[in-house]
Amino acid sequence: MAIISEELTKARREEIVSACAELYDVMPYKEITLGKISARTSFTRTSIYNYFDTREEIFLALLEREYRCWTEDQKRISENKSMTVDEFAEAFSSALSRRGRMLKLVSMNLYDLEAGSREENLTSFKRAYGEALQATRDCLARFFPSLTADEHTRFLYAVYPFMFGVYPYTAVTEKQKRAMESAGVKYETYSVREITRSLVSALLNGFLNK
């Protein structure tokens, strides 16, 4: 049996994850099968099992990649010498708005992805998640040195749970809009950037002006 190099294994995993990402951008999660993912790669459906045990593991690897991109976004923000609250809120919210795939996954599919993945894959994902949290802490420490460690934690526990639920508020379907109109519920149209910027500004101003 041929021995597959670590480099080739990594490349093939990335190819599978990228194929999954392409499909997730244009179709619902429930309609994406291993067969459809395989059709966008250079190898067979059966070969996917050499790299992932389940469809959920592929999506979890995609979410891990999204979190690593989010971490890099925040590191780029931290390269600034200084930022006001408004400047940081704008930079943070603008960067988060570019992670729509991440927000969609955590809002709609996170529980299933974690339940359907092996523990070693879940651990790898949690490591990426932890690095994103640390990147946020690093930004706060750089631009707002008067904040305490407790305030950093309070910021994280406000913003990250918020991130898990913001997607449904900003990606409402026409069917949902009609249902809300019929129910007499007013729908206000806001983007991820607008909602996040408001939250981040309110939190930081509250901490800094206490």
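Whatever comes next refers back to the structure up there.
Residues numbered from 1 in each chain as written. Predicted model: local features only at pLDDT ≥ 70, side-chain atom pairs only at ≥ 80, totals over all residues. Heavy atoms only, no water.

1. Points about the environment of Ile37
At step 1: Examined against the element boundaries, Ile37 turns out to sit in helix H2 (residues 34-39).
At step 2: For the pair Ile37 and Glu64, spaced 27 residues apart in the sequence, the C-alpha separation amounts to 18 Å.
At step 3: Among all residues touching Ile37, those that are not within four sequence positions of it are Ile16, Ala19, Cys20, Leu23, Ile32, Ile48 and Ile58. (Helix = DSSP H or I, 4+ residues; strand = E, 2+ residues; numbered from the N terminus. Contact = heavy atoms within 4.5 Å.)

2. Let's talk about the nonpolar core
At step 1: The biggest cluster of nonpolar side chains holds 59 residues, and the ones touching the most others in it are Tyr67, Trp70 and Phe88.
At step 2: For this core, the element with the highest residue contribution is helix H4 (residues 55-77), accounting for 9 residues.
At step 3: The residues touching Trp70, leaving out its near neighbours within four places in the chain, are Phe92, Ala95, Leu96, Arg99, Met102, Ala132, Tyr160 and Met163. (Core = buried A, V, L, I, M, F, W, Y, C linked by side-chain atoms within 4.5 Å. Buried < 20%, exposed > 50% of the residue type's maximum accessible area, 1.4 Å probe, protein only.)

3. Topic: the packing of aromatic side chains
At step 1: One pass over the full model with this rule turns up 13 aromatic pairs.
At step 2: Ring geometry for Tyr129 versus Tyr160: centroids 6.0 Å apart, planes at 80°, classification edge-to-face. Within this pair, whereas Tyr129 is found in helix H8 (residues 119-143), its partner Tyr160 is found in helix H9 (residues 149-170), the two being separated by 31 residues in sequence.
At step 3: Assessed through its relative accessible area of 1%, Tyr160 is described here as buried.
At step 4: Ring pairs connect the aromatic residues Trp70, Phe88, Phe92, Phe143, Phe144 and Phe155, which therefore count as one cluster.
At step 5: Between Arg55 and the ring centre of Tyr29, over which it is positioned, the NZ or CZ distance is 4.1 Å.
At step 6: Between the NZ or CZ atom of Lys104 and the centre of the ring of Tyr24, over which it lies, the distance is 4.3 Å. (Phe/Tyr/Trp six-rings, centres within 6.5 Å; stacked < 30°, edge-to-face > 60°. Lys NZ or Arg CZ within 6 Å of the ring centre and 35° of its normal.)

4. Remarks on the packing of H4 against H8
At step 1: Relative orientation of the contacting elements H4 and H8 amounts to 15°, with a least axis distance of 9 Å. With respect to their mutual orientation, H4 and H8 come out roughly parallel. Between H4 and H8 the crossing geometry is left-handed. In this structure, H4 contributes Glu57, Leu60, Leu63, Glu64, Tyr67, Arg68, Trp70, Thr71, Gln74 and Ile77 to the contact, and H8 contributes Asn121, Leu122, Ser124, Phe125, Ala128, Tyr129, Glu131, Ala132, Ala135, Thr136, Cys139 and Phe143.
At step 2: For the contact of H4 with H8, a count of residues per class yields 13 nonpolar, 5 polar and 4 charged. (Axes fitted to C-alpha atoms, helices over the stretch in contact; angles between N-to-C directions. Parallel < 35°, antiparallel > 145°, perpendicular 65-115°, else oblique. Left-handed = near helix turned anticlockwise from the far one by under 90°. Nonpolar A, V, L, I, M, F, W, Y, C, P; charged D, E, K, R; others polar.)

5. Notes on H9
At step 1: Its 22 residues give H9 an end-to-end C-alpha distance of 31 Å, which sits within 8% of 32 Å, the value for a rise of 1.5 Å per residue.
At step 2: Considering bend angle alone, the principal kink of H9 is centred on Phe164 and spans about 45°; proline Pro168 follows within four residues of it.
At step 3: Inspection of H9 places Glu151, His152, Phe155, Leu156, Val159, Tyr160, Phe162, Met163 and Val166 among the buried residues, and these make up the whole buried set. (Expected span 1.5 Å × (residues − 1). Bend = angle between axes of the 7 residues up to and from the residue.)

6. Some points on the environment of Tyr24
At step 1: Counting through the fold element by element, Tyr24 comes out in helix H1 (residues 6-24).
At step 2: It is 26 Å that separates the C-alpha atoms of Tyr24 and Tyr187, two residues lying 163 residues apart in sequence.

7. Digging into the pattern of salt bridges
At step 1: Within the structure shown, the criterion is met by 19 salt bridges.
At step 2: Among the salt bridges present, the one from Arg118 reaches Asp53, with a minimum N-O distance of 3.4 Å. Placement of the pair is Arg118 in the loop between helix H7 (110-115) and H8 and Asp53 in the loop between helix H3 (45-48) and H4, with a sequence separation of 65 residues.
At step 3: Classification of Asp53 by relative accessible area gives partly exposed; the value is 39%.
At step 4: Put simply, Arg76 and Asp73 hold a salt bridge, and the shortest N to O gap is 2.6 Å. Here Asp73 and Arg76 lie together in helix H4, a separation of 3 residues that amounts to about one turn.
At step 5: Residue classification places Arg76 among the partly exposed residues on the basis of a relative accessible area of 46%.
At step 6: Beyond isolated ion pairs, a larger network of salt bridges with shared partners links Asp25, Glu66, Asp73, Arg76, Arg99 and Arg101. (Salt bridge = Lys/Arg side-chain N within 4 Å of Asp/Glu carboxyl O.)

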